[in-house]
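Here is how the chains run, residue by residue.
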Amino acid sequence: KEHPLFLVLEDVQWADSDSIYLLQSLIDDIESTRVCFVLTARKGDPATEAVAQSLGLSSHDISSNTVECTPNPNSRCTASVDLTRTEIKLSNLREKEVGQMLCSYLGYGDDDSGLMVFFTKVVYAKTNGNPLSVIQYLEMLRTQNFLVFSAEKHRWEWDDDLEKLTRVNVSDDVLKSIDAQVHSLDQLTRSGLMIAAHLGFRFRSDMLEIALRPTYLRMKPGAAEQALRQYCDRLIGTAQKASLLLRTNHQHELCFMHDRVQQCFYEMCPDDGETKERMYLSIARLVRPMVMEHKDDDSLQFLIADMWNRGNAFVTEDEERMFLVKLNQDVSGRARRKSSFSSASHYLRMAIGLLDRDTTWRQNYELSLSLYSSFAKCAANTGEVGECHDAVETVLANATDVFDKQAAYEARMHSLEAQGRNDEVLNVGLGVMKELGLPLSSKPNMLWTLLQIVRRKRRLDRITDEEVLSLPRIHDKRQEAACNILDLMYTSAFIASPNTLFRNCQYIIKVGLNCGISKAYPFALASLDFMELFLFNNVDGRWGELAQSIIQKHGLYEAECACAMVTHNTVFPYTRSWGDSIEPLECAFESGVKYGKLHFALSCLGFTCPMLLLTKPLSQSEKRMREIVSTQTRLLKSGVHKYWAQPFWQQALNLMGASDHMIELTGVAMKEEEYTSVIPDPLLLASYRLRKLELMCYFRCHSQALKYAELLESTASSIETMCPLVVTKHCWVGITYLTEARCGKARYYKRKAKRALKRLARLVDAGCIDAKPYYLILKANFAAFEKEDVAPIRMEFDGAIEAAIKSGFQGIAAFAYEQAYHSLRDNHEDERCVQMYWNTAVE
């Protein structure tokens, strides 16, 4: 935002999937409007085209015009982004530019250009201006002593004999040129660098020394350890002098001069399906001790695991096989801690594939249970529904007790929740409770639940916050498992069965008071604020703040995301400005991703959408919601979270005039017909209908607005607990009913509109700051409906406009101006005064 950024990424044809996803995120970042991405890639390489397609930048589409970039449907990124894309084909250097390059390389200044004319012509004729060929040609001249450094003049000088210079040939093909240079090395050096190429483009010198030991001892039997170290140093020195290897800024780290150099050495080992795999296995066995010696080096652990996995087909010893299983298990945990669930799944998949399925559960029960349970969780987080189901079924078929099955049940509940199958989530959770010996009713009695909540609250009110904080950690294994399962049912219960939600939360609070604090306790305590609000219309935010203190004291950071979600989505918006909750919810998203609570994290991100739409300028909120949908799709490609955000994004596009139809939610963000066929739960359906109703009120399509108003009024949903949504619902429903009252059934629809006004009044009286503009707009419409004098009508609308501007609701203020224009015009107000309202609305 402060200054432009020029970001150059070289050799993107080598990019792995995670790097591509990162690049997609950077390109999709709507805040990165002042970034120029320069991506270099090798022309004609199939890998280049594959990366281009993944990024939606296929070479035949790239031009210098501003175009809409729609990524590949198989990509995790689904957002469409306007990008100015230019393809630059790099040609060889001209003779003058070769001269400038030689001056820089050989230590000559601008005043010495005359001395360079002859040498430049020779070099240009030999290399045709290819920069890498120029470097290779200079290296060949140096190795044959035709190019010698003058210590006296501090520059390189060449032999004046034209015939000697022209006798040195460099291939037109860079690979052939490098290959010629490589084969000019002695056999021992070539063998060593071939092994180095299998360690990666960058590698550690101590790892190279270990990997070289067998090769050196085979050529020099009986050699001492010191001789091996000298050989390694000599090999590195030779490669550096030949400009094949370079030292990096990291201690003991080397890299190849160019990826083509690594490629030449790498291809010396045939890739025939066996030789290269055995090479990797041989190196992996040699560097195995480094696994224990460098436990804190994640990149080294991943590298060694990858080498073992490349050669795992030739691992026959049980001890080695078990070592590799545990190594994959370890690196999968490292990947999970970095929130790379796809990589974690890969390593777990490799570990499981090494086990004998017929005997593994009998011989290695704990290991098998851990691997399959972890894999089920990772598959749930990456949206691999089929693999998650298979892993869960395997655990359930082999686990010996309900406690060992718990992780699998949790993975199944996560997977079902991501698919929007909320009733099944509740059924699984209740089934686990029954298996734990703590059965609960599938249809809890509301009166009994209310009584239990009152009891828990009274007990909490009798003790101080310090006493709550000093509660011990839970040690009852059965109750702890029960609390964790009830915690996982929260989102689905919130949508499908509020009674179940309240019953579960009071149960967790009771267990916390009687048995100690579990990781589910902070979330249940924060939910007590929500229950007080929903049941008693009273909230002070005490329990949410106390839950945060418990998290900090007991280190229960994985509960942080869920607590922030319930506090900032369903509690604080009733007592604070809605815009104040956007940043905490986005921070909660980061925390949720960090601790693997992906579903809560994506929910936090989605719940910012109504707040963004109401409190931010349209262009800003539209771009942010575009980014949210892209992030949700990328992180959980089969999740339902995007279905929440898409209608808000499309509504913003409609209001900006960037949609296919004025009141249909069809355009860049979604297609209404497809969307309505897959909406998975009542909350999403109610939210979608509210988007439609709001658009119809904005564009004065009253006959269709009535249909959605009556649908929203007749269908109960959890939308009633979400402040920004319930407030806007009462406002738009009230305006729709008043409009209908003017056309017929005046008393009937006026009474229904009056009911909506009273609900808004109660919210304002309860302290809901941002409900006031909506209440005043509806109240002003009532004044206009009653055909009062023009002055009171104008006063009511002016008050509504002032309240909207004070709350930062520019869009609502514009709507209030427009409503004032129509109402005052209908009541025969002075035309000049009426026009002022219209002009301001347009502005």
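Starting from 1, residues in each chain are numbered consecutively following that chain's sequence as written. It should be noted that, the model being predicted, local features are given only for residues of pLDDT at least 70 and side-chain atom pairs only at 80 or more, the latter also being counted only at that level, while totals for whole chains, interfaces and linings use all residues. Heavy atoms from the whole structure form the basis of all side-chain values; hydrogens and water molecules are not counted.

A few words now on the overall build of the chain. When helices and strands are counted, the chain shows 42 helices and nine strands. If you line up the chain on its principal axes, its C-alpha atoms span 105 × 75 × 45 Å. Counting only residues that meet the buried cut, the chain has 53% of its 843 residues in that class. Here the Shrake-Rupley method, with its probe set to 1.4 Å, supplies the accessible areas, and only the displayed protein chains count as covering residues. Roughly 38,700 Å² of accessible area belongs to the chain as shown, and the carbon and sulfur atoms make up 50% of that amount. Positive charges are assigned to Lys and Arg, negative charges to Asp and Glu, while His and the chain termini are left out of the count. Positions of charges follow a simple convention, taking NZ of Lys, CZ of Arg, CG of Asp or CD of Glu. Across the chain, the 98 positively charged side chains and the 109 negatively charged ones have centroids separated by 5 Å. Helix and strand assignments come from DSSP, with helices taken as H or I runs of at least 4 residues and strands as E runs of at least 2, each series counted from the N terminus. When a residue's accessible area, from a 1.4 Å probe over protein chains only, is under 20% of the maximum for its type it is buried; when over 50% it is exposed; and in between it is partly exposed.

The definition of a nonpolar core used throughout is a set of buried Ala, Val, Leu, Ile, Met, Phe, Trp, Tyr and Cys residues joined through side-chain atoms within 4.5 Å. Ile304, Tyr490, Tyr521, Leu693, Val727 and Trp732 are the most contacted members of the largest nonpolar core, which totals 249 residues. For this core, the element with the most residues is helix 31 (residues 598–615), which contributes twelve residues. In what follows, a contact means two residues having at least one pair of non-hydrogen atoms within 4.5 Å. Contact partners of Leu693, with chain neighbours within four places excluded, come to Ala705, Tyr708, Ala709, Leu712, Trp732, Val733 and Thr736. Formed by 21 residues, the second largest nonpolar core is a distinct cluster that contains Cys103, Phe119, Val122 and Leu141.

Let us now look at helix 1 (residues 17–28). One less than the residue count of a helix, multiplied by 1.5 Å, gives the span that helix is expected to have. When the terminal C-alpha atoms of helix 1 are compared, their 16 Å separation across twelve residues agrees well with the 16 Å that a helix rising 1.5 Å per residue should span. Of the residues making up helix 1, those classed as buried are Ile20, Leu23, Gln24, Ile27 and Asp28. The arc enclosing the buried residues of helix 1, seen along the axis, measures out at 130°, which places them on a common side. What the arc covers is the set of directions going from the helix axis to the C-beta atoms.

In this analysis, axes come from line fits to C-alpha atoms, helices being fitted only over the stretch in contact, and the angle between any two N-to-C directions falls in the range 0 to 180 degrees. It is the contact of helix 18 (residues 365–382) with helix 20 (residues 402–418), at a shortest axis distance of 8 Å, that shows an interaxial angle of 10°. One way to sum up the angle between helix 18 and helix 20 is to call them roughly parallel. Crossing geometry of helix 18 relative to helix 20 is assigned as left-handed. Of helix 20, the residues touching helix 18 (which contributes Tyr365, Leu369, Ser373, Ala376, Lys377 and Ala380) are Asp404, Ala407, Glu410, Ala411, His414 and Ser415. Note on terminology: angles under 35 degrees are roughly parallel, angles over 145 are roughly antiparallel, angles of 65 to 115 are roughly perpendicular, and the others are oblique. Here a crossing is called left-handed whenever its near helix is offset anticlockwise from the far helix by less than a right angle, and right-handed whenever the offset is clockwise.

Another point: the sheet that holds strand 8 (residues 245–247). Strand order in the open sheet formed by three strands is 7-9-8, and the pairing between neighbours is antiparallel. Every interior strand has two partners, whereas the edge strands, strand 7 (202–204) and strand 8, have only one. The sheet shows a mean angle of 35° between the axes of neighbouring strands, taken without regard to direction. The pairing of strand 8 with strand 9 (residues 253–256) spans three bridges and is antiparallel. Note on strand 9: the bridge partner recorded for Arg247 is Leu254. The pairing criterion is simple: DSSP has to find at least two bridges between the two strands.

Our focus in this paragraph is a positive patch on the surface. Think of a patch as exposed residues, more than 30% relative accessible area, with no salt bridge, where like charges cluster within 9 Å and nonpolar side chains (Val, Leu, Ile, Met, Phe, Trp, Tyr) cluster within 5 Å. By convention in these notes, a salt bridge is any Lys or Arg side-chain nitrogen within 4 Å of a carboxyl oxygen on Asp or Glu. There is a patch of like positive charges on the surface, built from Arg700, Arg742, Lys787 and Arg825. Tracing the backbone through its elements, the reader meets Arg825 in helix 41 (residues 810–826). Note on Arg825: relative accessible area 39%, which makes it partly exposed.

Only Phe, Tyr and Trp rings are paired, with Trp represented by its six-membered ring, and only when their centres lie within 6.5 Å; those with planes under 30 degrees apart are stacked, over 60 edge-to-face, the remainder tilted. In the structure shown here, the tally under the stated rule is 27 aromatic pairs. Arranged with centres 5.8 Å apart and planes meeting at 65°, the rings of Trp361 and Tyr365 form a pair that is edge-to-face. According to the relative accessible area criterion, Trp361 is buried, its value standing at 9%. When the ring of Trp578 is compared with that of Tyr774, the centres are 6.1 Å apart and the planes differ by 35°; the resulting orientation is tilted. Taken together, the residues Trp578 in the loop between helix 29 (560–570) and helix 30 (582–594) and Tyr774 in helix 39 (residues 772–785) connect sequence positions 196 residues apart.

Attention now moves to unusual backbone geometry. The backbone phi angle of Asn128 is positive, close to 60°, even though this residue is not glycine. Among the structural elements, Asn128 can be located in the loop between helix 4 (113–127) and helix 5 (131–143). Even without a glycine there, the phi angle at Arg700 is positive, about 60°. You can see Arg700 is positioned in the loop between helix 35 (682–698) and helix 36 (702–714). For Arg700, a relative accessible area of 36% translates into the label partly exposed.

What follows concerns the side chain of Ser497. With respect to the helices and strands, Ser497 occurs in the loop between helix 25 (490–496) and helix 26 (498–515). Overall, the relative accessible area of 16% leaves Ser497 in the buried class. Ignoring anything within four residues of it in the chain, the contact list for Ser497 reads Leu426 and Ser492.

This part is about the side chain of Asn381. Following the sequence through the fold, Asn381 ends up in helix 18. Residue classification places Asn381 among the buried positions, given a relative accessible area of 7%.

Moving on, we come to the environment of Ala652. Following the sequence through the fold, Ala652 ends up in helix 33 (residues 641–655). Judged by its relative accessible area of 0%, Ala652 falls in the buried class. Along the sequence, Ala652 and Gly383 sit 269 residues apart, while their C-alpha atoms lie 28 Å from each other. Excluding its chain neighbours within four sequence positions, the residues that come into contact with Ala652 are Leu613, Leu618, Glu622 and Met625.

This part takes up helix 40 (residues 790–807). The first and last C-alpha atoms of helix 40 sit 26 Å apart over 18 residues, in line with the 26 Å expected at 1.5 Å per residue. Those residues of helix 40 that fall on the buried side of the exposure criterion are Val790, Ile793, Phe797, Ala800, Ile801, Ala803, Ala804 and Ser807. The buried side chains of helix 40 occupy one side of the element, clustering within an arc of 165° when seen end-on. Opposite the buried face of helix 40, at more than 90 degrees from it, the exposed residues are Met795, Glu802 and Lys806. Along its buried surface, helix 40 packs onto helix 39, helix 41 and helix 42 (831–842). Gly808, located one to two residues past helix 40, shows a positive phi value of around 85°.

On inspection of all chains with the given rule, the structure shows 35 salt bridges. The shortest N-O distance in the salt bridge between Glu713 and Arg759 comes to 3.6 Å. Of this pair, Glu713 sits in helix 36 while Arg759 is found in helix 38 (residues 746–765), placing the two residues 46 residues apart along the sequence. Sharing partners across several salt bridges, the network here consists of Lys457, Asp461, Asp465, Glu532 and Arg542.

This next bit is on the state of the cysteines. Throughout, disulfides are identified as pairs of cysteine sulfur atoms within 2.5 Å of each other. Considering all chains together, one arrives at zero disulfides under this definition. Free of any disulfide, Cys269 has its nearest neighbouring cysteine sulfur in Cys264, separated by 14 Å.

Attention shifts here to the packing of helix 38 against helix 39. Their axes nearest at 9 Å, the elements helix 38 and helix 39 cross at an angle of 150°. Taken as a pair, helix 38 and helix 39 cross one another with a handedness that is left-handed. Counted together, Lys750, Ala753, Lys754, Ala756, Leu757, Leu760, Ala761 and Val764 of helix 38 and Lys772, Tyr774, Tyr775, Leu778, Lys779, Phe782 and Phe785 of helix 39 form the full contact between these two elements. In terms of residue class, the contact of helix 38 with helix 39 is made up of eleven nonpolar, no polar and four charged. Gly falls in the polar group here, along with every residue not listed as nonpolar (Ala, Val, Leu, Ile, Met, Phe, Trp, Tyr, Cys, Pro) or charged (Asp, Glu, Lys, Arg).

With that out of the way, let us pick up the environment of Ser807. Locating Ser807 in the fold gives a position in helix 40. Placed 230 residues apart in sequence, Ser807 and Ser577 show a C-alpha to C-alpha distance of 7.5 Å. Setting aside its immediate chain neighbours within four residues, Ser807 contacts Asp770 and Pro773. As used in this structure description, the phrase polar contact means that two N or O atoms lie within 3.5 Å; if the pair is within protein, one of them must be able to donate a hydrogen and the other to accept it, and residues adjacent in sequence are counted only when both atoms belong to side chains. In terms of polar contacts, Ser807 uses its side chain to reach the side chain of Asp770, at 3.4 Å.

Interpretation in functional terms is not warranted from these geometric data alone.
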